[in-house]
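Listed below are the residues making up each chain.
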Amino acid sequence: MARAGLTVDRVVEAAADLADEIGFEKVTLSALARHFGVKDASLYSHVRNLQDLRTRVALLAGGELIDQIAEAVAGRAAKDALAAFAGAYREYALAHPGRYAATQIPVDQDLVAASPAFRRTAEITYGMLRAYGLDEPDLTDAVRLLRSTFHGYCALEAGGGFGAARDVDRSWAKAVEALHVALTHWPGEGPEGA
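Cut-offs applied
- Residues numbered from 1 in each chain as written.
- Predicted model: local features only at pLDDT ≥ 70, side-chain atom pairs only at ≥ 80, totals over all residues.
- Heavy atoms only, no water.
- Axes fitted to C-alpha atoms, helices over the stretch in contact; angles between N-to-C directions.
- Helix = DSSP H or I, 4+ residues; strand = E, 2+ residues; numbered from the N terminus.
- Parallel < 35°, antiparallel > 145°, perpendicular 65-115°, else oblique.
- Contact = heavy atoms within 4.5 Å.
- Nonpolar A, V, L, I, M, F, W, Y, C, P; charged D, E, K, R; others polar.
- Left-handed = near helix turned anticlockwise from the far one by under 90°.
- Buried < 20%, exposed > 50% of the residue type's maximum accessible area, 1.4 Å probe, protein only.
- Polar contact = N/O pair within 3.5 Å; in protein donor to acceptor, adjacent residues only side chain to side chain.
- Patch = residues over 30% accessible without salt bridge, like charges linked within 9 Å, V, L, I, M, F, W, Y side chains within 5 Å.
- Areas by Shrake-Rupley, 256 points an atom, 1.4 Å probe, with all protein chains shown as cover.
- Salt bridge = Lys/Arg side-chain N within 4 Å of Asp/Glu carboxyl O.
- Lys, Arg positive; Asp, Glu negative; His and termini not counted.
- Charge placed at Lys NZ, Arg CZ, Asp CG, Glu CD.
- Phe/Tyr/Trp six-rings, centres within 6.5 Å; stacked < 30°, edge-to-face > 60°.

Trainee: Quick rundown of the packing of helix 8 (residues 116–130) against helix 9 (residues 138–158)? Include the residues and the values.
Mentor: Two packed helices can be described by the angle between their axes and the distance between those axes. Direction vectors running N to C along helix 8 and helix 9 enclose 110 degrees, while the axes themselves pass 10 Å from each other. Between helix 8 and helix 9, the interaxial angle falls into the category roughly perpendicular. Residues Thr125, Tyr126, Met128, Leu129 and Arg130 of helix 8 form the contact with helix 9, whose own contacting residues are Leu139, Thr140, Ala142, Val143 and Leu146. When grouped by side-chain class, the residues that make up the contact of helix 8 with helix 9 number seven nonpolar, two polar and one charged.

Okay, structure coming up:
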């Protein structure tokens, strides 16, 4: 019998909050059960196991992240949209470190395909990049460039990896500007096999 007041949504939201507090990798069913003042077994009425819980947190966080990005890019195009997208991404990653870490875990591709948040992420990201005149396979390459740049920067910043005196916000702005230049002057595929 499920504990009164516990729902899947409450359990997942609490796990996401706990992840921001103590780190995503430290979230366990035992820690979550202590948070609710219940036995571990009570949570199994709501999630199958720790992997199920982590996947649900990843889907929740992915939805929150794209909602924040969508709001930031609304009505913008090209460089303005890129800067808004990048800013919203960085803001979320730094404000919600545990949730953000959840967005980086591998998730079953069937769940990804079924997730409205992940479809919306693709629509917004690819829509922004189409303003640069990109089509496949360049769109996929550009998405990978943006994700690796944004993630790398945010991970280094969150971990205190930038020790130089240069202001990290100015470096971020330069990185976004460099991405805009790269997207504007995207290299062609070239000859087959090149």
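Structure shown, so let's carry the discussion forward.
Trainee: With reference to specific residues and values, describe the packing of helix 5 (residues 78–95) against helix 10 (residues 168–184).
Mentor: It is the contact of helix 5 with helix 10, at a shortest axis distance of 10 Å, that shows an interaxial angle of 135 degrees. Considered as vectors, helix 5 and helix 10 are oriented oblique to each other. Once helix 5 is placed against helix 10, the crossing between them reads as right-handed. Between helix 5 and helix 10, the residues in contact are Lys79, Leu82, Ala83, Ala86, Gly87 and Arg90 and Val168, Asp169, Trp172, Val176, Glu177, Leu179, His180 and Leu183, respectively. Within the contact of helix 5 with helix 10, the residues separate by chemical class into eight nonpolar, two polar and four charged.

Trainee: Can you break down the side chain of Thr103 residue by residue, with the values?
Mentor: On the secondary structure map, Thr103 appears in the loop between helix 6 (97–102) and helix 7 (109–114). Looking at Thr103, the relative accessible area reads 16%, which means it is buried. Only 2.6 Å separates the side chain of Thr103 from the backbone oxygen of Tyr100, close enough to count as a polar contact. With sequence-adjacent residues up to four places away left out, Thr103 is seen in contact with Ala58, Ala61, Gly62 and Arg147.

Trainee: Summarise a negative patch on the surface; cite the residues concerned and give the values.
Mentor: Together, Asp135, Glu136, Asp141 and Glu189 give the surface a local cluster of negative charge. Positionally, Glu136 belongs in the loop between helix 8 and helix 9. Judged by relative accessible area, which is 46%, Glu136 ranks as partly exposed.

Trainee: With reference to specific residues and values, describe unusual backbone geometry.
Mentor: With glycine set apart, most residues show a phi of negative sign, and most peptide bonds adopt trans. Cis geometry is adopted by the peptide bond preceding Pro137, which originates at Glu136 and carries an omega value of 5 degrees. With respect to the element layout, Pro137 can be found in the loop between helix 8 and helix 9. A positive phi angle, close to 50 degrees, is found at Ala78, a residue other than glycine. By the element assignment, Ala78 lies in helix 5. Judged by relative accessible area, which is 24%, Ala78 ranks as partly exposed.

Trainee: Break down the packing of aromatic side chains for me, with residues and values.
Mentor: Overall, the coordinates contain six aromatic pairs when judged by the stated rule. Where Tyr89 meets Phe150, the ring centres are 5.4 Å apart and the plane angle is 50 degrees; that geometry is what we call tilted. Remark: Phe150 occurs in helix 9 and Tyr89 occurs in helix 5; sequence separation between them is 61 residues. Exposure remark for Phe150: the relative accessible area of 2% places this residue in the buried category.

Trainee: Lay out the pattern of salt bridges with the relevant residues and their values.
Mentor: Within this structure, the stated rule accounts for eleven salt bridges. The salt bridge partner of Asp52 is Arg48, with a shortest N-O separation of 3.6 Å. Taking relative accessible area as the criterion, Arg48 reaches 62% and is therefore assigned exposed. On the basis of relative accessibility, which here comes to 7%, the residue Asp52 falls in the buried class. Because the salt bridges share partners, they merge into one network encompassing Glu13, Asp17, Asp20, Glu64 and Arg99.

Function cannot be inferred from these measures alone, as they are strictly geometric.
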